[in-house]
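What follows is each chain in one-letter form.
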Amino acid sequence: MTTHAEFAEALRAQRVWDRELPGFDADAAPAEPLTLFHSWFLGAVAARQVEPHTMTLATVDADGLPDVRTLMLHDADARGWHFATHATSAKGQQLAARPFAALHFYWPAVAQQIRIRGRVSADGPGAVRSRGALAAALTGHQSEILDTRETLVRASAAAWERAGAEPDATVPTWTAYTLTPDEVEFFQGDAMRRHVRLRYRRQVDEDGISTGTGTNSRWDRELLWP
C-alpha cells in the first residue's frame, strides 16, 4: 500500500516546463479566437502532444454543484466547439436543465491551456466516426448504476458485434452538441512564471445581445495577470 509520505515525495519531485516553450505575442493575435485555436491545436499536434483533441467539459447539476469530465472534440468552427454524448447521460441531463458549460484544453507539450465558456445547444443525432465509438454508443446506459463488470462485458461484446454488422446503426440518445463561446482564454506558460493570458469576450449591445454571430461576431481582447 502506498503511504502518504511516498505520494508527497513523488509530488514534490515533479517539475513543469523544464524545456524550451513557444512564445506568444498577444499583440499579434487575430481579432477572433477560432483562428488562434486552430493554430494552437496544429502546434500541439506538431509537438506530439498526446490526444490534443481531448478536453474537459464542466457543467452544473440540479443542486447547483459543478461536475466535470473528459471527452473528445468533434470540430471547432464558426458556430462553436462540437462534441457528442448521450442525452440521457448525467452531462446530457445537466445541459438540458442548464444549457451553459465550460471547456478546457491543456497541452503540456507546449505549456498551453485554453478555457472556453458559453451556451450549449443540442443539434440532433450525433455522428459516430469509428466502430469503437459506435460500439460504446450502442452499449448505452451511460452514468447509470452498473451491477457487475460482467454485465458490461456482455453488453459491450454485443454492441461491438452489432457495430461491425451495422456500421450505420443509429443510437437514438446519441446527440451532437455545440458550445457557442462568450469567452475564450488562451494561456501560454512561461518558465519564469510570466505567463501570457489573453481573453476574448464576445461584444454585446446595451440589451446584452451579441453584436454578431459566427464569423461576424466582434470580440474584445484583454490581457490578464497570470
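Quick caveat: nothing in here was measured; it's all calculated off a predicted structure. (Residues numbered from 1 in each chain as written. Predicted model: local features only at pLDDT ≥ 70, side-chain atom pairs only at ≥ 80, totals over all residues. Heavy atoms only, no water.)

## A word on the overall build of the protein chain
Right, on to step 1. Across its full length, the protein chain holds five helices and nine strands.
Right, on to step 2. What you see in the protein chain, going N to C, is helices and strands ordered as α-α-β-β-β-β-α-β-β-α-α-β-β-β.
Right, on to step 3. Dimensions of the protein chain, computed from the C-alpha atoms along their principal axes, are close to 55 × 55 × 40 Å.
Right, on to step 4. Buried residues in the protein chain amount to 34% of all 226 residues.
Right, on to step 5. Looking at the protein chain alone, contacts between residues at least 24 apart form 65% of all its contacts between residues at least 6 apart.
Right, on to step 6. If you sum the accessible surface of the protein chain, you get close to 13900 Å²; carbon and sulfur atoms cover 54% of it.
Right, on to step 7. In the protein chain, 24 positive and 29 negative side-chain charges are present, and the distance between their average locations comes to 3 Å. (Helix = DSSP H or I, 4+ residues; strand = E, 2+ residues; numbered from the N terminus. Buried < 20%, exposed > 50% of the residue type's maximum accessible area, 1.4 Å probe, protein only. Contact = heavy atoms within 4.5 Å. Areas by Shrake-Rupley, 256 points an atom, 1.4 Å probe, with all protein chains shown as cover. Lys, Arg positive; Asp, Glu negative; His and termini not counted. Charge placed at Lys NZ, Arg CZ, Asp CG, Glu CD.)

## Remarks on unusual backbone geometry
Right, on to step 1. Here Arg48, not a glycine, exhibits a phi torsion of approximately 60°, which is positive.
Right, on to step 2. Taking relative accessible area as the criterion, Arg48 reaches 76% and is therefore assigned exposed.
Right, on to step 3. The phi torsion at Ala111 lies on the positive side, around 55°, for a residue other than glycine.
Right, on to step 4. Mapped onto the secondary structure, Ala111 falls in the loop between strand 5 (100-107) and strand 6 (112-125).

## Digging into the side chain of Arg202
Right, on to step 1. Structurally, Arg202 is set in strand 8 (residues 196-202).
Right, on to step 2. The exposure class assigned to Arg202 is buried, which follows from its relative accessible area of 12%.
Right, on to step 3. Side chain to side chain, Arg202 and Ser217 meet in a polar contact 2.3 Å long. (Polar contact = N/O pair within 3.5 Å; in protein donor to acceptor, adjacent residues only side chain to side chain.)

## Considering the nonpolar core
Right, on to step 1. By size, the foremost hydrophobic cluster in this structure holds 31 residues, and its most contacted members are Phe37, Trp81, Phe105, Ile114 and Phe186.
Right, on to step 2. For this core, the elements supplying multiple residues, two or more each, are helix 2 (33-46), strand 1 (54-60), strand 4 (80-86), strand 5, strand 6, strand 7 (174-188) and strand 8.
Right, on to step 3. Here this core takes five residues from helix 2, the largest share from any one element.
Right, on to step 4. Setting aside chain neighbours within four positions, we find Phe105 in contact with Phe37, Pro52, Thr54, Met55, Leu73, Trp81, Gln112, Gln113, Ile114 and Ile116.
Right, on to step 5. Grouped together as the second largest cluster of nonpolar side chains are 10 residues, Leu138, Ala159, Ala169 and Val171 included. (Core = buried A, V, L, I, M, F, W, Y, C linked by side-chain atoms within 4.5 Å.)

## Considering helix 2
Right, on to step 1. Between its first and last C-alpha, helix 2 extends 20 Å over 14 residues, near the 20 Å set by a 1.5 Å rise per residue.
Right, on to step 2. All buried positions along helix 2 are accounted for by Pro33, Leu34, Leu36, Phe37, Trp40 and Ala44. The buried residues of helix 2 occupy an angular sector of 155° when the element is viewed end-on, so they sit on one face. Summarising the geometry of helix 2, the exposed residues directed more than 90 degrees from the buried face are Leu42 and Ala46.
Right, on to step 3. A side-chain oxygen of the first residue of helix 2 lies 2.9 Å from the backbone nitrogen of Leu34; this N-cap is Glu32.
Right, on to step 4. Immediately downstream of helix 2, the backbone of Arg48 shows phi near 60°, a positive value. (Expected span 1.5 Å × (residues − 1). Arc of directions from axis to C-beta.)

## Here's the deal with the layout of surface pockets
Right, on to step 1. If you add up the space inside the largest pocket, you get close to 380 Å³.
Right, on to step 2. Around the largest pocket, the lining comprises 18 residues; the ones closest to its centre are His74, Ala84, Ala133, Ala136 and Trp174.
Right, on to step 3. Where the lining of the largest pocket is concerned, the elements lending two or more residues are strand 2 (66-72), strand 4 and helix 4 (131-139).
Right, on to step 4. Here the lining of the largest pocket is composed, by residue class, of nine nonpolar, seven polar and two charged.
Right, on to step 5. Considering only enclosed or pocket space, the second largest pocket measures out at about 230 Å³ in volume.
Right, on to step 6. As for the second largest pocket, its lining consists of Ala136, Thr139, Gly140, His141, Gln142, Glu144, Ile145, Leu146, Thr151, Leu152, Ala155 and Ser156.
Right, on to step 7. Mapped onto the lining of the second largest pocket, the elements with two or more residues apiece are helix 4 and helix 5 (149-165).
Right, on to step 8. Here the element with the most residues in the lining of the second largest pocket is helix 5; it accounts for four residues.
Right, on to step 9. Classifying every residue of the lining of the second largest pocket by side-chain character gives five nonpolar, six polar and one charged. (1 Å grid on protein atoms, 1.4 Å probe; cavity = no way out; pocket = protein on both sides within 12 Å on 5 of 7 lines; lining within 4 Å. Points joined across faces, edges and corners; volume = space filled by probe spheres on them. Nonpolar A, V, L, I, M, F, W, Y, C, P; charged D, E, K, R; others polar.)

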